[in-house]
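This is what each chain is made of:
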Number of protein chains: 2
Amino acid sequence: MGKVLSTKPASGFRDFLGAESRKRSDLIRKIESVYRSFGFESLETPALENLEVLLGSGGQENEKLIFKTLKRGEKLERALEQKCSESDLSDLGLRFDLTVPLCRVVAEYSDKIPLPWKVFHFGPVWRAERPQKARYREFYQCDVDVIGTASQAAELEVIEALYGAFEACGVSSLELRLSDRRLLAACANAWGFGDRLGEFAIILDKKDKQDTEALAKELRELLGKALPRDLERALHEKVSLEEAVVWSQGAGESLFKLIEQLQDLSKAKYKVEFDLSLVRGMGYYTGVIFEWMQQGTDFALGGGGRYDDLTSRFMKRAQPAVGGSLGFERLLLLLESESESETNQPVFFPVMEESLRRSVTSVAREFQKRGLAVDLFVGEAKMKSQLKYASQKNYRWVVFLGEEELRTGKFKIKDFRSGDEKSFSSLEEAVEAVRRGAAA
Amino acid sequence: MGKVLSTKPASGFRDFLGAESRKRSDLIRKIESVYRSFGFESLETPALENLEVLLGSGGQENEKLIFKTLKRGEKLERALEQKCSESDLSDLGLRFDLTVPLCRVVAEYSDKIPLPWKVFHFGPVWRAERPQKARYREFYQCDVDVIGTASQAAELEVIEALYGAFEACGVSSLELRLSDRRLLAACANAWGFGDRLGEFAIILDKKDKQDTEALAKELRELLGKALPRDLERALHEKVSLEEAVVWSQGAGESLFKLIEQLQDLSKAKYKVEFDLSLVRGMGYYTGVIFEWMQQGTDFALGGGGRYDDLTSRFMKRAQPAVGGSLGFERLLLLLESESESETNQPVFFPVMEESLRRSVTSVAREFQKRGLAVDLFVGEAKMKSQLKYASQKNYRWVVFLGEEELRTGKFKIKDFRSGDEKSFSSLEEAVEAVRRGAAA
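**Q** Just checking my understanding: could you explain the sheet that holds strand E6 (residues 117–126) of chain B for this structure?
**A** In any sheet, the strands associate via hydrogen bonds between backbone groups, in a parallel or an antiparallel arrangement. Ordered by their spatial adjacency, 9 strands build an open sheet running E1(A)-E2(B)-E6(B)-E7(B)-E12(B)-E11(B)-E10(B)-E8(B)-E9(B), and the pairing between neighbours is mixed. Pairing within the sheet leaves two strands with one partner each, and these edge strands are strand E1 (16–17) of chain A together with strand E9 (271–274) of chain B. The pairing of E1 of chain A with strand E2 (residues 41–44) of chain B spans 2 bridges and is classified as antiparallel. In the strand pairing of E2 of chain B, Leu17 of chain A is matched with Leu43 of chain B. Together, strand E8 (174–180), E9 and strand E10 (288–294) of chain B form the strand contacts of helix H12 (residues 253–266) of chain B, whose direction differs from that of E8 of chain B by roughly 165°.

**Q** For this particular structure, what's the right way to read the relation of the copies chain A and chain B?
**A** There are two copies of the chain, and a rotation about an axis plus a shift along that axis relates them. Once chain A is rotated about the relating axis by 180° and shifted along it by 0.0 Å, it coincides with chain B to within an RMSD of 0.0 Å. In the structure described here, the two chain copies are related by an operation that fits a two-fold rotation axis. Among all residues of chain A, the minimum C-alpha distance to the rotation axis is found for Thr69 of chain A, at 2.0 Å. Counting the interface residues of chain A, we find that 100% of their copies in chain B are interface residues as well, pointing to one common contact surface.

**Q** Can you help me understand the interface of chain A and chain B in this one?
**A** With 98 residues of chain A at the contact, the number on the chain B side is 98 residues. For the chain A and chain B pair, buried surface summed over both sides reaches about 8,900 Å², with 54% attributable to carbon and sulfur atoms. Scanning the region where chain A abuts chain B turns up 20 salt bridges. The residue Glu108 of chain A makes a salt bridge to Lys8 of chain B at a minimum N-O spacing of 3.4 Å. The interface formed by chain A and chain B includes 46 residue pairs in polar contact (both at pLDDT 80 or more). Broken down by element, the side of chain A that touches chain B gets its largest block of residues, 9 residues, from helix H1 (residues 18–37) of chain A. Of the residues assigned to the side of chain A that touches chain B, the class counts are 44 nonpolar, 20 polar and 34 charged.

**Q** Where do I start with helix H15 (residues 357–369) of chain A in this structure?
**A** All names here are of chain A. With 13 residues, H15 ought to run about 18 Å at 1.5 Å a step, and its terminal C-alpha atoms sit 18 Å apart, in line with that. For H15, the full list of buried residues reads Arg357, Val360, Thr361, Val363, Ala364, Arg365, Phe367 and Gln368. Downstream of H15 by a residue or two, Gly371 has a phi angle that is positive, lying close to 90°.

**Q** I tried to follow the sheet that holds strand E2 (residues 41–44) of chain A on my own but got confused; where do I start?
**A** Read from one edge of the open sheet, 9 strands run E9(A)-E8(A)-E10(A)-E11(A)-E12(A)-E7(A)-E6(A)-E2(A)-E1(B), paired in mixed fashion. Taken across any chain shown, the strands that pair with only one partner, and hence form the sheet edges, are strand E9 (271–274) of chain A together with strand E1 (16–17) of chain B. In terms of strand pairing, strand E8 (residues 174–180) of chain A meets E9 of chain A through 4 bridges, oriented parallel. Residue pairing across strands places Leu176 of chain A opposite Val272 of chain A, the latter belonging to E9 of chain A. Taken strand by strand, helix H5 (residues 99–108) of chain A contacts E2, strand E6 (117–126) and strand E7 (138–147) of chain A together with E1 of chain B, and its axis lies near 135° from that of E6 of chain A.

**Q** Can you help me understand the packing of H1 of chain A against helix H1 (residues 18–37) of chain B in this one?
**A** A pair of packed helices can be characterised by two numbers: the angle between their axes and the separation between those axes. Where H1 of chain A contacts H1 of chain B, the axes come no closer than 13 Å and their chain directions differ by 140°. Classified by the angle their axes make, H1 of chain A and H1 of chain B are oblique. In the packing of H1 of chain A onto H1 of chain B, the handedness of the crossing is left-handed. The segment H1 of chain A lies against H1 of chain B, with Arg22, Ser25, Arg29, Glu32 and Arg36 of chain A engaging Arg22, Ser25, Arg29, Glu32 and Arg36 of chain B. Residue composition of the contact of H1 of chain A with H1 of chain B, grouped by class: no nonpolar, 2 polar and 8 charged.

**Q** Looking at this structure, how should I read the confidence of the model for chain A?
**A** Parts of the prediction with low pLDDT should not have their coordinates interpreted in detail. For chain A, the average pLDDT comes to 90, and 95% of its residues sit at 70 or higher. In the model output, the complex is listed with pTM 0.92 alongside ipTM 0.91.

**Q** How should H1 of chain A be read in this particular structure?
**A** In an α-helix, one turn spans 3.6 residues; hence positions three or four apart end up facing the same way. Residue and element names in this part refer to chain A. Under the 1.5 Å per step criterion, the end-to-end length of H1 is 29 Å for 20 residues, consistent within 8% with the ideal 28 Å. With 14 of 20 residues buried, H1 lies mostly within the body of the structure. One or two positions beyond H1, positive phi appears at Gly39, with a value near 80°.

**Q** Can you walk me through the environment of Ala168 of chain A in this structure?
**A** Residue and element names in this part refer to chain A. For Ala168, the position within the fold is in helix H6 (residues 153–168). In this structure Ala168 comes out as partly exposed when scored by relative accessible area, which is 36%. The contacts of Ala168, once residues within four sequence positions are left out, are Lys30 and Val34.

**Q** I'm lost on the domain arrangement of chain A in this one. Help?
**A** Note: interface size is frequently given as the accessible area lost on complex formation between the parts. Taken domain by domain, chain A holds domain 1 (18–335) and domain 2 (342–436). Relative to domain 2 of chain A, the C-alpha centre of domain 1 of chain A lies at a distance of 50 Å.

**Q** Sorry if this is basic, but what is going on with unusual backbone geometry here?
**A** Among all residues except glycine, the phi angle is most often negative; among peptide bonds, the trans geometry is most common. Put simply, Leu115 of chain A and Pro116 of chain A share a cis peptide bond, and its omega is -10°. Tracing the backbone shows Pro116 of chain A in the loop between H5 and E6. With phi around 65°, Asn394 of chain A is a residue other than glycine that occupies positive phi space. Relative to the helices and strands, Asn394 of chain A is located in the loop between helix H16 (383–392) and strand E15 (397–400). With a phi angle near 55°, Ser173 of chain B is a residue other than glycine that sits in the positive phi range. Structurally, Ser173 of chain B is set in the loop between helix H6 (153–168) and E8.

What counts, and where the lines are drawn
- Residues numbered from 1 in each chain as written.
- Chains lettered and ligands numbered in written order.
- Predicted model: local features only at pLDDT ≥ 70, side-chain atom pairs only at ≥ 80, totals over all residues.
- Heavy atoms only, no water.
- Pairing = 2+ DSSP bridges.
- Helix = DSSP H or I, 4+ residues; strand = E, 2+ residues; numbered from the N terminus.
- Contact = heavy atoms within 4.5 Å.
- Axes fitted to C-alpha atoms, helices over the stretch in contact; angles between N-to-C directions.
- Least-squares fit on C-alpha atoms with pLDDT ≥ 70 in both.
- Buried area = accessible area lost by both parts, 1.4 Å probe.
- Salt bridge = Lys/Arg side-chain N within 4 Å of Asp/Glu carboxyl O.
- Polar contact = N/O pair within 3.5 Å; in protein donor to acceptor, adjacent residues only side chain to side chain.
- Nonpolar A, V, L, I, M, F, W, Y, C, P; charged D, E, K, R; others polar.
- Expected span 1.5 Å × (residues − 1).
- Buried < 20%, exposed > 50% of the residue type's maximum accessible area, 1.4 Å probe, protein only.
- Parallel < 35°, antiparallel > 145°, perpendicular 65-115°, else oblique.
- Left-handed = near helix turned anticlockwise from the far one by under 90°.
- pLDDT = per-residue confidence, 0-100.
- Domains from an automatic or database assignment.

Laid out in structure tokens, this is it:
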């Protein structure tokens with residue numbers, strides 16, 4: 001009736017069906033279980049926040065990308081009566097990250113939360129990016145944070161929890177790169193960038209994507225003269241933490257201890273490296289920053305850092321904080337396609353004749369009670385169509401229950417992977433065979 | 001730092017911390033696992049949809065409650081250049097239910113989805129309700145649907161899957177009330193309501209909340225004369241399906257078979273009842289409708305029905321469909337407070353002196369490797385504060401590792417529930433004791 005509606009998801013958004021959706025929820029569950037094993041508590045916050053909470057949070061570029069919701073009812077009518085501006089029309093916005101809502105929560109429940117608070121916070125975030133390949137307007141974030149302590153034990157805990165998650169996902173060859181915002185600021189200062197630290201950092205942050213000479217040129221233009229020798233070296237060679245500490249007149253001292261502890265804790269399972277060129281985008285970091293790379297690639301699988309001032313927007317005495325997150329969408333791409341879903345695939349029960357549905361259902365329920373997932377065919381269709389359905393779903397086990405089987409209590413099970421068909425004389429035997437086969 | 005920001009969630013929205021958040025995620029996981037055991041696949045759709053998808057979907061009242069997002073950039077500027085209306089300003093909206101996005105998905109991927117499609121679809125939905133007690137603007141829905149078959153096997157499967165979820169949550173004394181939209185329409189027609197079926201249904205839907213006499217009065221006013229004797233009876237007494245079939249001249253025939261099959265499948269674990277006064281709010285139902293009640297209460301724990309026409313907005317040949325959902329927020333309230341969270345609580349590791357942190361961490365990791373959750377204290381604080389933290393978190397097990405213990409390889413563990421303190425001479429012994437205790 002009328003025009004045909006587009007059935008695609010809105011531009012920049014995605015639907016996830018079947019195996020893809022399962023892979024996502026398995027991954028979330030896995031990460032959650034690791035964080036819980038480290039004693040982190042979960043937190044859930046709303047998708048929509050008051051705009052004043054989201055704006056001016058140090059989210060910088062991201063703040064421009066907020067999806068704002070229209071006011072409603074009388075408030076909207078009043079705004080529309082005359083020519084109006086954006087800010088007259090909107091009061092709420094979709095969160096663009098999870099850190100800003102976390103800081104609001106820390107302030108709101110400060111009398112109830114035992115500190116230090118070890119917390120993880122998962123959920124989708126939204127950014128009105130210009131749609132382009134592999135850039136989405138809704139994506140999932142998995143944050144883990146320690147709130148309320150200046151102790152480096154917090155950095156250790158967040159980093160170890162993130163590593164625990166990578167390990168549980170089977171990701172190996174990881175490298176942890178660390179630096180410290182105070183160290184970077186002190187170096188930039190010593191090199192003459194003074195109050196242009198922000199611009200300096202933005203240029204340096206492009207190091208992985210740009211040619212070193214192009215970078216040096218940009219920095220020279222910013223500085224208005226030739227670069228100091230130390231900075232030239234830093235651009236072209238790996239600089240040791242010892243050297244950087246000298247350049248920064250001691251600002252990186254505390255990193256020594258952290259890196260030493262991490263090298264000890266990591267037991268060489270991952271590489272720990274100081275990286276003076278590490279910047280990390282967000283403006284709110286105040287101390288240690290870190291990034292997880294997969295060795296031999298140039299993309300980060302996660303990262304984080306200390307942000308001791310961010311809660312000060314919401315409370316008088318700011319709480320020191322360290323947080324990290326892993327790149328959920330990137331991690332998904334790395335995971336092999338054969339996930340748990342395949343070992344826990346449903347056993348298929350076709351229904352040969354409608355008159356047998358009741359009996360077939362009863363048997364299927366018995367399989368379920370014994371811990372197996374089942375898929376009972378719910379349409380009325382010929383056996384050929386039912387088997388086509390099973391093959392489209394890539395099912396391995398099919399239990400044929402005809403009148404003969406139901407009468408004699410026997411089970412005929414076909415393994416579609418091998419093509420074998422076997423008979424079993426009891427339910428327990430049949431269940432056991434599928435369970436063993438499925439686990440093999 | 002300017003004015004102090006409000007740190008409350010936006011009006012009508014909620015934060016969930018600690019045990020409450022865990023209870024929610026445990027419940028979601030439990031329901032998901034039941035639906036998977038029935039062979040349903042998962043589906044994830046975006047929070048935001050094109051407005052044209054959401055509007056005119058038969059969502060009726062809910063459509064008025066859509067949170068719409070403002071256009072951005074040039075599009076917004078252009079709209080604001082002159083006096084504009086609501087529809088000029090917005091292109092996307094937050095979904096108000098999960099059924100409309102599901103129908104879009106059925107049409108979009110119709111060439112890839114093997115039918116009948118057994119699918120579950122979870123997630124938050126948003127409605128701009130006027131905030132009031134226990135009415136929220138963001139709440140979680142758990143839908144389960146069978147798409148693509150007119151067979152009553154679909155109704156059976158959805159109802160059984162919902163019951164499976166209730167059962168897994170330990171909810172008992174359930175009653176399933178069923179009716180059929182066609183039956184209700186035929187009765188209303190026979191009683192003279194003709195083209196005022198919608199109004200008739202809205203009045204009848206208030207049956208649980210209103211006095212019968214008030215209802216009868218409203219119906220008399222609508223009809224403009226005294227009510228037919230059969231309707232009077234239906235308002236005051238329980239009407240049998242046999243009678244209703246006679247009144248409706250056969251429209252309820254197919255319900256007989258369904259109810260009979262359900263009585264057989266349910267094995268008396270839940271009550272199955274025909275209820276002529278059942279309406280269910282949404283306009284899109286076309287056949288069987290049902291509602292789960294807890295006996296002795298007057299609120300529904302879930303419900304659903306057949307909606308064979310809803311996909312026709314998106315595709316030429318509509319797919320028949322049956323769906324159901326459970327009241328997630330209500331189910332949460334029913335669940336006892338002691339959830340799995342308590343049995344799987346972290347074991348607490350205080351750090352007596354910072355110099356011992358490394359050693360204590362190693363031991364804690366060994367407990368983790370053996371499947372126990374641990375909480376290593378991450379601040380630098382006196383033992384008294386650390387124990388206060390443990391007691392605020394309601395932890396039961398505390399492992400004391402001082403210099404003495406670390407040197408001798410012994411473990412001193414205190415059970416804060418009983419007050420007992422015990423020593424163990426090996427890690428395995430200590431882990432075993434906690435595991436047994438935690439399971440007791």
